[in-house]
Structures are given as structure tokens and as C-alpha cells.
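# Structural overview for review
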Amino acid sequence: PNDTHLFLWALLFDTDDLQLARLFWSRSDSPMRVALLGSHMCKRMAASSSFDGALIVRANTLETWAVGVLDACKNSSDAYTVLEYKMGPLGTALDLAMYLEMKAFLAHRHSQSLMNLWWRGGMLGHKGVINPEFSMLFLALRAVFPVTQLVGMIRIAIEKHISRNTKRKFST
């Protein structure tokens with residue numbers, strides 16, 4: 001068994017303060033993923049158990065551990081690297097948190113910042129990113145009322161008309 005398996009075992013059988021689970025969690029290959037999965041497991045068990053209060057507290061504690069990993073990142077760039085790291089079939093840590101509905105994790109400033117970047121087109125490997133100061137209202141108005149395109153088309157039509165008239169003057 002690896003440290004992740006031992007973490008899950010300790011999570012199920014350590015009824016006290018999660019010290020044993022925390023030991024195996026800190027030694028796992030992907031502590032953020034392990035904490036998110038452990039939190040989800042506790043929430044699912046709480047939904048079908050009479051000990052739901054203790055399990056919900058445990059689930060929240062584990063999600064706090066995952067948030068702590070994000071807090072340990074020195075800057076947004078480091079956090080993005082951790083959040084976008086592919087973890088096999090589960091995808092990234094952010095994908096997993098969205099799927100498992102880990103609201104505290106998703107509300108963290110680094111998670112929010114990365115999702116905002118994705119919203120603006122800054123997905124991993126993409127070149128075009130909308131500037132954060134860019135107004136979505138302006139984009140919507142421009143789509144509905146393409147005035148700038150209309151002005152450009154009028155300008156081109158006027159230039160063509162002028163060039164035709166100029167050619168006629170010189171040819172006669």
C-alpha cells in the first residue's frame with residue numbers, strides 16, 4: 001500500500017484528531033488531490049450515517065488542508081502550476097474540486113484567479129487572452145451594434161468613390 005491508501009485507511013479508522021491521517025497525507029504524492037478526495041468521501045459517508053456531524057467536520061478539515069496547499073504557493077504562477085497539473089483520469093486539481101463541489105477550495109483566490117483567466121481564454125496552451133480590463137459590456141454592444149464595422153465599410157465606399165471620380169477626371 002502507498003501513502004494514499006494508508007491515508008484513506010487512517011481517515012476511516014482514526015477516530016480522534018486525524019494525526020495519523022495527516023502524517024500519511026503529508027507524505028502522499030499529491031496531497032491536494034488526496035485531501036479533496038478524503039473530504040468528498042467523508043461528505044458521502046455523512047450523508048448515509050448517523051455520525052454525520054463528526055464526518056462533516058472532518059470533511060471540512062480535509063478541504064482546509066487542500067486550501068492550505070494553495071496558501072503555501074508563493075505567487076499565482078506557482079498556484080496555477082499546481083492547479084493545472086494533470087492527475088491522471090481525474091484531470092487537474094481544479095477539475096476535481098469542481099466535480100466534487102469543493103466550495104471552499106473553489107472560492108480560494110488562486111482558484112478564482114485561474115478560473116477568471118480561463119474565462120478570458122487563457123487555457124493552458126492558448127495564445128489569445130482577453131485583457132482583464134476589457135469590458136464585456138463593450139463586446140456585447142459591439143456584437144449587437146457593429147458601428148465600427150459600419151463606419152469602416154462607409155469609409156472604404158467613400159474612398160472607392162473618390163478614387164473612381166479622380167480617375168475619371170484625369171482620363172478626360
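Since the structure is predicted, the reported quantities are computational estimates derived from the model, not experimental observations.

## Focus on the overall build of the chain
Each helix and strand counted, the chain has 10 helices and 0 strands in total. In the chain, the succession of α and β elements from N to C terminus is α-α-α-α-α-α-α-α-α-α. Across the 172 residues of the chain, 31% fall into the buried class. Counting contacts in the chain only where the partners sit at least 6 residues apart, residues at least 24 apart contribute 53% of the total. Of the accessible surface of the chain, which amounts to about 11600 Å², a share of 63% is contributed by carbon and sulfur atoms.

## Regarding the packing of aromatic side chains
Tallied over the full model, the rule gives 2 aromatic pairs. Taking 5.9 Å as the distance between ring centres and 45° as the angle between the ring planes, the aromatic pair formed by W9 and F13 counts as tilted. One end of the pair is W9 and the other is F13, both in helix α1 (residues 3-13) and 4 residues apart, which spans about a single turn. Ring geometry for W25 against W65: centres 5.0 Å apart, planes inclined by 40°, an arrangement best described as tilted. Here W25, found in helix α2 (residues 19-27), pairs with W65, found in helix α4 (residues 52-71); they are 40 residues apart in sequence, far enough to count as distant. Accessibility assignment for this pair places W25 and W65 in one class, buried.

## Things to note about the confidence of the model for the chain
Summary statistics for the chain give a mean pLDDT of 83 and a share of 86% for residues scoring 70 or more. Of all helices and strands in the chain, the one with the weakest mean pLDDT is helix α10 (residues 147-171) (72), whereas helix α7 (residues 103-106) scores best (95).

## What to know about the nonpolar core
Ranked by size, the top nonpolar core spans 32 residues in total, and within it F7, M32, L36, L83 and F105 carry the most contacts. For this core, the elements supplying multiple residues, two or more each, are α1, α2, α3 (31-47), α4, α5 (76-83), α6 (93-100), α7 and α8 (109-119). For this core, the leading source of residues is α4, giving 6 residues. Excluding residues within four positions of it along the chain, L36 makes contact with A66, A93, L96, A97, L100, M102 and F105.

## Examining unusual backbone geometry
Of all residues except glycine, most have a negative phi; of all peptide bonds, most are trans. The backbone of E101 sits at a positive phi, close to 60°, despite the residue not being glycine. Along the chain, E101 falls in the loop between α6 and α7.

## Some details on the packing of α5 against α8
Where α5 meets α8, the axes come as close as 10 Å, and the angle between the chain directions of the two elements is 80°. Between α5 and α8, the crossing angle belongs to the class labelled roughly perpendicular. For the pair formed by α5 and α8, the contact residues are S76, A79, Y80 and L83 on the first element and H110, S111, S113, L114 and L117 on the second.

Analysis parameters
- Residues numbered from 1 in each chain as written.
- Predicted model: local features only at pLDDT ≥ 70, side-chain atom pairs only at ≥ 80, totals over all residues.
- Heavy atoms only, no water.
- Helix = DSSP H or I, 4+ residues; strand = E, 2+ residues; numbered from the N terminus.
- Buried < 20%, exposed > 50% of the residue type's maximum accessible area, 1.4 Å probe, protein only.
- Contact = heavy atoms within 4.5 Å.
- Areas by Shrake-Rupley, 256 points an atom, 1.4 Å probe, with all protein chains shown as cover.
- Phe/Tyr/Trp six-rings, centres within 6.5 Å; stacked < 30°, edge-to-face > 60°.
- pLDDT = per-residue confidence, 0-100.
- Core = buried A, V, L, I, M, F, W, Y, C linked by side-chain atoms within 4.5 Å.
- Axes fitted to C-alpha atoms, helices over the stretch in contact; angles between N-to-C directions.
- Parallel < 35°, antiparallel > 145°, perpendicular 65-115°, else oblique.

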